[in-house]
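Architecture and fold: a report
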Amino acid sequence: MGLQSSKIGAILGMIGSTIFLIVGLFGLTLARIGYNPDPNFPIIISYITALLTIALSACGFVGSILVFRDLPMGYIILLVAGIVGIVGTLVPVHVYDMGYGYVYYTYLINTAMYIDLVLMVVGAVLGFALAEKKERQL
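What comes next concerns the included structure. These numbers come from a predicted model, not from an experiment.

All right, on to the packing of helix 3 (residues 73-88) against helix 4 (residues 115-129) then. Running from N to C, helix 3 and helix 4 point in directions that differ by 150°, and their axes come no closer than 8 Å. Judged by the angle between their axes, helix 3 and helix 4 are roughly antiparallel. The hand of the helix 3/helix 4 crossing is left-handed. On helix 4, the residues touching Tyr75, Ile76, Leu78, Leu79, Ala81, Gly82, Ile83, Gly85 and Ile86 of helix 3 are Leu117, Met120, Val121, Gly123, Ala124, Val125, Gly127 and Phe128.

Listed below in structure tokens is the structure:
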């Protein structure tokens, strides 16, 4: 029993989701210790960003597991989770001017330099590209 080429996308999605989960848990840890240079920073924003990151990671895991169970709609869930994650990393929710030309941004979703999200999106696209073709029945 060898590795099917259609499961490579699910494996990449699983690796990306794992990295994404680690980033979310690390963000949750930083939220708990209150790491932020702004003294007036609302702490709930750190919890929201960390929990959204963990939730998108869970969607990536669900998508990959559905593909391993031979349900191709898992690639759609994986692709949507990756795209929503990429868009979420571009949405700032809090901006703090520290002075001297330094500006501290807090974004909606945390990421590991986009490696995790790119792995999720590439895994979903590869899954669609390498899917087994089925004949249409008339």
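Now that the structure is up, let's keep going.
Moving on: the environment of Gly63. Following the sequence through the fold, Gly63 ends up in helix 2 (residues 43-68). Residue Gly63 is classed as buried on the basis of its relative accessible area, which comes to 0%. Sequence separation of Gly63 and Ile83 is 20 residues, and the distance between their C-alpha atoms is 13 Å. The residues touching Gly63, leaving out its near neighbours within four places in the chain, are Gly74, Ile77 and Leu78.

Pairing between strand 1 (residues 92-99) and strand 2 (residues 102-107): six bridges, direction antiparallel. Each bridged residue has a counterpart across the sheet, and for Gly99 the counterpart in strand 2 is Tyr102. Linkage of strand 1 to strand 2, two consecutive antiparallel strands, is achieved through a turn of two residues, within which Tyr100 is found at a positive phi near 60°.

Further remarks concern the packing of aromatic side chains. For any pair of aromatic rings, geometry is given as the distance between the ring centres together with the angle between the planes. Summed over the entire model, instances satisfying the criterion amount to two aromatic pairs. Judged by centre distance (5.8 Å) and plane angle (55°), the ring pair of Tyr75 and Phe128 falls under tilted. Remark: Phe128 occurs in helix 4 and Tyr75 occurs in helix 3; sequence separation between them is 53 residues. Given a relative accessible area of 5%, Tyr75 falls into the buried group.

Right, let's talk about the side chain of His94 for a bit. Structurally, His94 can be placed in strand 1. Those residues in contact with His94 that lie beyond four places of it in its chain are Asp38, Phe41, Pro42, Ile45, Tyr104, Tyr105 and Thr106.

Rules used in this analysis
- Residues numbered from 1 in each chain as written.
- Predicted model: local features only at pLDDT ≥ 70, side-chain atom pairs only at ≥ 80, totals over all residues.
- Heavy atoms only, no water.
- Axes fitted to C-alpha atoms, helices over the stretch in contact; angles between N-to-C directions.
- Helix = DSSP H or I, 4+ residues; strand = E, 2+ residues; numbered from the N terminus.
- Parallel < 35°, antiparallel > 145°, perpendicular 65-115°, else oblique.
- Left-handed = near helix turned anticlockwise from the far one by under 90°.
- Contact = heavy atoms within 4.5 Å.
- Buried < 20%, exposed > 50% of the residue type's maximum accessible area, 1.4 Å probe, protein only.
- Pairing = 2+ DSSP bridges.
- Phe/Tyr/Trp six-rings, centres within 6.5 Å; stacked < 30°, edge-to-face > 60°.

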